[in-house]
Amino acid sequence: MTFVQLIDCKTSRFDEMNRLMDTWVEQTKGKRTASHSIIGKDRSDDSHFIEIVEFPSYEDAMRNSNLPETDRIFREMVALCDEMPTFTDLEIVRDEQLYKDTCRGFFATIAAKGDLPPLDGFLAENYHDHDPANDPDNIGMDAMRREIEMWRGGFDFEFTIDDQLAEGDRVCTRWTWNATHTGEFMGIPASNKQVTMTGITIHRCREDGKIVEGWWQYDRLGLMGQLEALEM
């Protein structure tokens, strides 16, 4: 289970502290077990800083603490602090990746049976979609609904989320699309063939969690081959 450590300190020498942390990162390369580190400054107190360090587990955190480089850097860090820093060890009991959840919900919704549900819970009104098969891009909720309806009119499909990574306001989703060709698609009459396609979509989300932009890469050529629609 993910383990997080909070380091709370006060210092009027943050630039020196920052350089010290750079030194620790360099000296522990290939040894440290921390997976993510964030340093925040108190808006109401310029000398108050909190570092949030994430580890895969408590055991990994202890291995990191026992590095000789960590012990030496800690003693130098204390010397730069106005008072003794405090440490809070946290076992994560709930971890919601809200942007990931929005993107997963979007894929599930566009594949839902029956009429296409409203998309305004997922997409911003001015959503901009980048698809290499479309020129120009689809811009706006209505344009995106038309694009989705085209695919839904040609196939009964579902998405399997194979992998998902989030960084800042971006979510990258690697997916597999399994479908039955039940209707006309790009002039190809329904064949009831079982087809599959893999792809990756990167979504950009805004502060309220809605998706404002998307970039798609998928094996459309492979799909057309499965539909026997490629000219020899």
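Student: Run through helix α3 (residues 68-80), naming residues and quoting values.
Tutor: Taking 1.5 Å of rise per residue, 13 residues should cover 18 Å, and α3 covers 19 Å from first to last C-alpha, within 8% of that figure. Within α3 the residues assigned to the buried category are Glu69, Thr70, Ile73, Met77 and Leu80. For α3, the buried positions fall inside an angular range of 90° around the axis, keeping them on one side. Relative to its buried face, α3 has exposed residues pointing more than 90 degrees away, namely Pro68, Arg75 and Ala79. The inward-facing, buried residues of α3 abut β1 (3-10), α1 (14-27), α2 (58-65) and β4 (86-91).

Student: An account of the packing of helix α4 (residues 98-110) against helix α5 (residues 141-154) is requested, with residue identities and associated values reported.
Tutor: At a minimum axis distance of 11 Å, the contact between α4 and α5 shows a crossing angle of 50°. Classified by the interaxial angle, the pair formed by α4 and α5 is oblique. Residues Phe106, Thr109 and Ile110 of α4 pack against Met144, Ile148 and Arg152 of α5. Considering only residue class, the contact of α4 with α5 consists of four nonpolar, one polar and one charged.

Student: Kindly report on α1, identifying the contributing residues and their values.
Tutor: The terminal C-alpha atoms of α1 lie 20 Å apart, and with 14 residues this matches the ideal 20 Å at 1.5 Å per residue to within 8%. Restricting attention to buried positions, one finds in α1 the residues Met17, Leu20, Met21 and Trp24. An end-on view of α1 places all buried positions within 100° of arc, on one side of the element. Summarising the geometry of α1, the exposed residues directed more than 90 degrees from the buried face are Asp15, Arg19, Asp22 and Glu26. At its buried positions, α1 is contacted by β1, β3 (48-55), α2 and α3.

Student: Any chance you could break down the nonpolar core for me, citing the residues and the numbers?
Tutor: With 32 residues, the main nonpolar core has Phe106, Leu123, Trp151, Phe155, Trp177 and Leu223 as its most contacted residues. Secondary structure elements with two or more residues in this core: α4, β5 (123-130), α5, β7 (155-167), β8 (170-181), β9 (194-205), β10 (211-218) and α6 (220-226). Sequence-distant contacts of Leu223, that is, excluding residues within four places in its chain, are made with Trp151, Phe155, Trp177, Phe185, Val195 and Met197. Formed by 15 residues, the second largest nonpolar core is a distinct cluster that contains Phe3, Cys9, Val53 and Ile73.

Student: How would you sum up the sheet that holds strand β2 (residues 36-41)? Please name residues and give values.
Tutor: Within the open sheet, the four strands sit side by side as β2-β3-β1-β4. Their pairing is antiparallel. Both edges of this open sheet fall to β2 and β4, since each of them pairs with a single strand only. Strand-to-strand twist across the sheet, computed as the mean angle between neighbouring axes with direction ignored, equals 15°. The pairing of β1 with β3 spans eight bridges and is antiparallel.

Student: Can you lay out a nonpolar patch on the surface for me, pointing to particular residues and giving the numbers?
Tutor: Among the surface-exposed residues, Ile38, Ile50 and Ile52 lie close enough to one another that they form a single nonpolar patch of about 210 Å² accessible area. Position of Ile50 relative to the elements: it lies in strand β3. In this structure Ile50 comes out as partly exposed when scored by relative accessible area, which is 30%.

Student: Tell me what's going on with unusual backbone geometry, and back it up with residues and numbers.
Tutor: If a residue is not glycine, its phi is most likely negative; likewise, a peptide bond is most likely trans. Geometrically, the link from Asp135 to Pro136 is a cis peptide bond, its omega value of 10° lying close to zero. Inspection of the secondary structure puts Pro136 in the loop between β5 and β6 (138-139). Here the phi dihedral of Met186 falls at roughly 55°; this positive angle occurs in a residue that is not glycine. On the secondary structure map, Met186 appears in the loop between β8 and β9. One non-glycine residue with positive phi stands out, namely Glu228, at about 55°. By the element assignment, Glu228 lies in the segment after α6.

Conventions we followed
- Residues numbered from 1 in each chain as written.
- Predicted model: local features only at pLDDT ≥ 70, side-chain atom pairs only at ≥ 80, totals over all residues.
- Heavy atoms only, no water.
- Helix = DSSP H or I, 4+ residues; strand = E, 2+ residues; numbered from the N terminus.
- Expected span 1.5 Å × (residues − 1).
- Buried < 20%, exposed > 50% of the residue type's maximum accessible area, 1.4 Å probe, protein only.
- Arc of directions from axis to C-beta.
- Contact = heavy atoms within 4.5 Å.
- Axes fitted to C-alpha atoms, helices over the stretch in contact; angles between N-to-C directions.
- Parallel < 35°, antiparallel > 145°, perpendicular 65-115°, else oblique.
- Nonpolar A, V, L, I, M, F, W, Y, C, P; charged D, E, K, R; others polar.
- Core = buried A, V, L, I, M, F, W, Y, C linked by side-chain atoms within 4.5 Å.
- Pairing = 2+ DSSP bridges.
- Patch = residues over 30% accessible without salt bridge, like charges linked within 9 Å, V, L, I, M, F, W, Y side chains within 5 Å.
- Areas by Shrake-Rupley, 256 points an atom, 1.4 Å probe, with all protein chains shown as cover.
- Salt bridge = Lys/Arg side-chain N within 4 Å of Asp/Glu carboxyl O.

Structural measurements only, silent on function.
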